[in-house]
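Here is how the chains run, residue by residue.
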Amino acid sequence: MAKAPTKSQTFGKPDIWFAAGVRTPFAKAGGPLAAKDALDLSIPVVKAMLAKGGRPDLMNWGAVIPNLTLSNLAREALIAAGGDPTIPASSTVMACSTSMMGAFQAGGMLDDAAGRSLALVGGAEAMSRIQIGLSQGLSDDLRKFMQARDLAGRWAAVRGTKAKDVRLFIPEIKNRATGKSMGEHTEDMAKGWQISREEQDALALASHQKAAAGWTAGFFDDLVLRLEETGRDTLVRPDTSMEALAKLRPAFDRTSGQGTLTAGNSSPLTDGAAAMWVATTEGLKRLPAEVPRVRLVDYVANAIDLFNEYLLMAPAYAIPRLLARNGLTFDDIALWELHEAFTAQVASHIKAIQDPEFLKTKAQVTAKLGKFPMDRLNPHGGSTALGHPFGATGARILSQGVKELSAMPVGSHAIVSICADGGQGTVALLRRD
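Being a predicted model, the structure only gives us computed values, none of them experimental.

About the criteria used
- Residues numbered from 1 in each chain as written.
- Predicted model: local features only at pLDDT ≥ 70, side-chain atom pairs only at ≥ 80, totals over all residues.
- Heavy atoms only, no water.
- Buried < 20%, exposed > 50% of the residue type's maximum accessible area, 1.4 Å probe, protein only.
- Helix = DSSP H or I, 4+ residues; strand = E, 2+ residues; numbered from the N terminus.
- Pairing = 2+ DSSP bridges.
- Right-handed = clockwise from strand over helix to strand, strands pointing away.
- Patch = residues over 30% accessible without salt bridge, like charges linked within 9 Å, V, L, I, M, F, W, Y side chains within 5 Å.
- Areas by Shrake-Rupley, 256 points an atom, 1.4 Å probe, with all protein chains shown as cover.
- Salt bridge = Lys/Arg side-chain N within 4 Å of Asp/Glu carboxyl O.
- Core = buried A, V, L, I, M, F, W, Y, C linked by side-chain atoms within 4.5 Å.
- Contact = heavy atoms within 4.5 Å.
- Phe/Tyr/Trp six-rings, centres within 6.5 Å; stacked < 30°, edge-to-face > 60°.
- Axes fitted to C-alpha atoms, helices over the stretch in contact; angles between N-to-C directions.
- Parallel < 35°, antiparallel > 145°, perpendicular 65-115°, else oblique.
- Left-handed = near helix turned anticlockwise from the far one by under 90°.
- Nonpolar A, V, L, I, M, F, W, Y, C, P; charged D, E, K, R; others polar.

> Describe the pairing of strand E3 (residues 58–62), naming the residues involved and giving the relevant values.
The element E3 is extensively covered by neighbouring structure, given that five of its five residues are classed as buried. Residue alternation in E3 divides its side chains into two sets, Leu 58, Asn 60 and Gly 62 and Met 59 and Trp 61, and both sets are buried. Both E3 and strand E4 (residues 89–91) contribute to a ladder of three bridges, which runs parallel. Its bridge partner being in E4, Met 59 is matched across the sheet by Ala 89. The parallel pair E3 and E4, bridged by helix H2 (residues 73–80), forms a crossover whose chirality is right-handed.

> Residue-level account of unusual backbone geometry, with values.
Positive phi is not limited to glycine here, since Ala 95 has a value of about 50°. The topology assignment puts Ala 95 in the loop between E4 and helix H3 (98–109). If you check the backbone angles, Gln 194 has positive phi at about 55° while not being a glycine. Of note, Gln 194 is situated in the loop between helix H6 (182–192) and helix H7 (197–217).

> So what's going on with a nonpolar patch on the surface? Which residues, and what values?
A surface patch of nonpolar side chains, about 460 Å² in accessible area, is lined by Ile 132, Leu 134, Leu 142, Leu 168 and Ile 170. Mapped onto the secondary structure, Leu 168 falls in strand E7 (residues 168–169). The exposed category is assigned to Leu 168, whose relative accessible area is 52%.

> Could you give an account of the nonpolar core, naming the residues involved and the relevant values?
Leu 323, Trp 336, Leu 338 and Ile 415 are the most contacted members of the largest nonpolar core, which totals 45 residues. Of all the secondary-structure elements, those providing two or more residues to this core are H6, strand E9 (293–303), helix H10 (314–325), strand E10 (333–338), helix H11 (343–352), helix H12 (356–361), strand E11 (413–420) and strand E12 (424–431). Setting aside residues up to four positions removed in sequence, Leu 323 forms contacts with Leu 328, Thr 329, Phe 330, Ile 333, Trp 336, Leu 369 and Ile 415. Core analysis: the second largest hydrophobic core is formed by 43 residues, Met 127, Ala 211, Phe 219 and Ala 392 among them.

> An account of the pairing of strand E5 (residues 118–126) is needed here, citing residue identities and associated values.
Across the nine residues of E5, nine count as buried, placing the element largely inside the fold. As defined by bridge partners, E3 adjoins E5 across five bridges and the pair is classed as parallel. Each bridged residue has a counterpart across the sheet, and for Leu 58 the counterpart in E5 is Ala 119. Bridge count for E5 against strand E8 (residues 270–279) is nine bridges, and the pairing is antiparallel. Residue pairing across strands places Ala 119 opposite Val 278, the latter belonging to E8.

> Help me get a handle on the packing of aromatic side chains, residues and values and all.
Each aromatic ring pair is described using two quantities: the centre-to-centre distance and the angle formed by the ring planes. Scanning all chains against the criterion turns up nine aromatic pairs. With 5.9 Å between their ring centres and 70° between their planes, Trp 193 and Phe 358 make a pair best called edge-to-face. You can see Trp 193 sitting in the loop between H6 and H7 and its partner Phe 358 sitting in helix H12, a full 165 residues away along the chain. On the basis of relative accessibility, which here comes to 4%, the residue Phe 358 falls in the buried class. One aromatic cluster is present, formed by Trp 193, Tyr 317 and Phe 358 through successive ring pairs.

> Before we move on, could you go through the packing of H6 against H11 and cite the residues and values that matter?
For any two helices packed against each other, the geometry comes down to the angle between their axes and how far apart the axes lie. Two elements in contact, H6 and H11, have axes whose closest approach is 9 Å; the angle formed by their N-to-C orientations is 40°. Considering their axes alone, H6 and H11 lie oblique with respect to each other. Seen along the crossing, H6 lies across H11 with a hand that is left-handed. Each of Thr 186, Met 189 and Ala 190 in H6 lies in contact with H11, whose residues at this interface are Ala 344, Gln 345 and Ser 348. A breakdown of the residues in the contact of H6 with H11 according to their chemical character gives three nonpolar, three polar and no charged.

Okay, structure coming up:
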């Protein structure tokens, strides 16, 4: 008689594991990867994952910026990479949390009894190849023009076009509901939480120094593919300094004299793709023994009221709740991988989750969590230095965190957190078993 699978508190199914994958180098938009779209970036990553892990039972992939020629990037990437066409592949979109949310979704779908024990998860973003569209009104009129059966019908379609509709739609990195960019929202956050320019620049400097040291030490060698265009991340600045960062002008608030967010302490527009594995204990047996893996203990995908809270604050609500319900404090977490959309956002989160009033009235957590351990934050750099291709960041930060945590003593925990546009966020609690 077969032994019943081990149950997990999170899913009520077999334990769910995250295993490290590979990614492309991350490059600044307009740089060496500028000729590739999201599919082009995804193909070598998916090929490398399939070569290492064989046939997964399902695939989840995502990109935030839409491509009018693709309706399901996951399926197209799987087929173009030579994957088994009988593998179901679906696409997820959740702004910066896209491929992290995809990992949670895949974990919820895995079930050994149903023949689903291994999932390939990831995403890509080609910020150099953003498509410019037509206004909806002009699109409607052009469609009528193409569908017309005679010249009279075509003339009627053209004649009905309004002057205000003859324009292009250029996607912007801004929230539709509020009309403000991510940087503008984070400037508000920095002012509200009183995060200084010096504090932001110090976090940015540390991110670059840690990322540069990681590359020098070979930490990224088995995480990053060598492409013909480049073999390593192009955004890391090992020679930057507080003095160099201080010379940069505000990028979002340029008129008040109080702007603190700059190109140096904000994540850059980035091209890249990344992948990871999500598996049951049975699924792990299909991966090479040397692939780092850790167990998913618990997770949160949450949202806040973006009209009455700073847009990127969702993880600050989720982290204390996640710790409290698992009986953990800050000191119990050996590794903190916090996505650096902006270093002001990271600093705000860290300040908020240590603030008794915020914890009590907003996060509604009464547990004593202690002091945040800054020396455990992003040990090999974060998005400020490495880059931030929206759809790929979740798989990047999880793979990086999995590798780091897997080298720590058994029983060690990690928190991996990503904020997302729209007032949403994702946070994972991982453990080295």
